[in-house]
Each structure stands twice: as structure tokens, then as C-alpha cells.
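# Coordinate inspection notes
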Amino acid sequence: MYSELEFIGDINVGKLVRWLRMMGYDTSLFKGDDDSEIVTAALEEGRVILTRDTGLVERHLITSGRVRAVLLKSEKPEEQVKELSVKLKISSSLNPFTRCIECNLPLVARSKEEVEGKVPPYVLKTQEVFNECPHCHRIYWRGTHWRAMQKRLERLVGSNVQGS
Ligand SMILES: [Zn+2]
């Protein structure tokens, strides 16, 4: 059941939103400033609210349990990932690096030929797997940055195994 978790992040946890997208979770970012709108969006789209706003989580739809929300205690995004992994058992191994960090859209597989000219020549030479965001057209590949982020994720939430 946890694999179906979808989130909506308040603007005050924007970096956490990017981490969750990197882990493959469908996570939208709420940019408005009217609390009732994020609660309505969460209700309509079945998303879990992520916020650092204590006033927000006291709203009736949340206290009555109709909308699920997690109040993050830490200011640090990496600590927030840890908090979430304890509370909701999120996993870094489910669909990591399958979603655009900027747009929240699922990435599309691309061949070497298709990304030629769009990535540095060295990357084209040394990488085999490429993915593209259908919206912003950013190309993702599994280079050194990817490996470093994967290690950080494993350290933060590594012990959670999905589906068990
Ligand atoms: Zn994108």
C-alpha cells in the first residue's frame, strides 16, 4: 500500500519535494498561500500533505482524518526525508530516478542516438541509459552525481523495504 503514496508539499518544504521526486514519488508542490487550497487539493487528489506549518495541520479536514498530513519538525531537507521514512516507511528502492525533479513527470527512456548533441560528448561515450523529461526535456543519466545521490538516499532511508 505504501507504494501508492502520493504527496503534496507546502512551499516551506520545497527541497523535500525534490528529494521525493528523486525517489520516484508523485509529489506536487503547492505554491499558493491559502491553506484551504492545499487541503482541498490533497483531498481531491488523494495526496498526503507535507508541511512545517503547525496551523495548517490543525484544520478540520486534517484533524478529522479525512486528509492525511505530516508535520515535519526539522528545517533540514535530509532530516525531513528521515522523518518521513520513519513515519510512512517511504523507500528509496521503489522507483528511484524515474521522475523529473523539476516537473514531477515520469521520465521517458531515450536511446544514445536520441540524446546525441543534447548531452556532453563524454557522457554520450560513457553512459548507456538515458531518460528525458517530456515537459522540460532535461536529460538524466546515471553518472557520478546520480551515484552520489543514490548513496545519500540509501543512508537516509536504506533500511526500508517496500512491500514487506
Ligand atoms: Zn522536467
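Starting afresh in each chain, residues are numbered from 1 along the sequence in its written order. Given that this is a predicted model, residues contribute local features only at a pLDDT of at least 70 and side-chain atom pairs are listed and counted only at 80 or more, while totals for whole chains, interfaces and linings are drawn from all residues.

Quick look at unusual backbone geometry now. If you check the backbone angles, F97 has positive phi at about 60° while not being a glycine. Here a helix means four or more residues in a row that DSSP labels H or I, a strand means two or more in a row labelled E, and each is numbered from the N terminus. The topology assignment puts F97 in the loop between α4 (77-88) and β5 (108-110). The residue H137 is not glycine, and still its phi comes out positive at about 65°. Around each residue's C-beta, the other C-beta atoms within 10 Å are counted; 20 or more make the residue buried, 12 or fewer make it exposed, and counts in between make it partly exposed. All C-beta atoms are placed from the backbone. Its 10 C-beta neighbours within 10 Å are what place H137 among the exposed residues.

Let us now look at the domain arrangement of the protein. Accessible area lost when the parts come together is the quantity often used to give the size of an interface. Taken domain by domain, the protein consists of domain 1 (2-88) and domain 2 (108-157). In this structure, domain 1 and domain 2 have C-alpha centres spaced 28 Å apart. Two residues qualify as a contact pair if the distance between their C-beta atoms, derived from the backbone, is within 7 Å. With six residues of domain 1 at the interface, the matching set in domain 2 holds four residues. The greatest single-element share of the side of domain 1 that touches domain 2, amounting to four residues, is contributed by α4. Taken together, the residues that form the side of domain 1 that touches domain 2 break down as three nonpolar, one polar and two charged. Where each domain starts and ends comes from a domain assignment, either automatic or drawn from a database. Under the convention adopted here, Pro, Cys and the residues Ala, Val, Leu, Ile, Met, Phe, Trp and Tyr are nonpolar, Asp, Glu, Lys and Arg are charged, and Gly plus all remaining residues are polar.

Spatially, the three strands line up as an open sheet ordered β5-β6-β7, and their pairing is antiparallel. The open sheet has two free edges, formed respectively by β5 and β7 (139-141), since each of these has just one partner strand. Pairs of neighbouring strands in the sheet enclose a mean axial angle of 35°, with direction left out of account. Pairing between strands is defined by DSSP: at least two bridges between the two strands are required. Two elements, strand β6 (residues 130-132) and β7, share three bridges in a ladder whose sense is antiparallel. Bridged to E132 within β7 is I139. Helix axes are fitted to C-alpha atoms over the stretch in contact, other axes to C-alpha atoms as well, and angles between N-to-C directions run from 0 to 180 degrees.

Attention shifts here to the environment of V119. For V119, the position within the fold is in the loop between α5 (112-115) and α6 (121-126). Overall, V119 belongs to the partly exposed group, with 18 C-beta atoms counted inside 10 Å. Along the primary structure V119 and F130 are separated by eleven residues, whereas in three dimensions their C-alpha atoms are 9.8 Å apart. Dropping the residues within four chain positions of it, V119 is found in contact with L124, I139 and W141.

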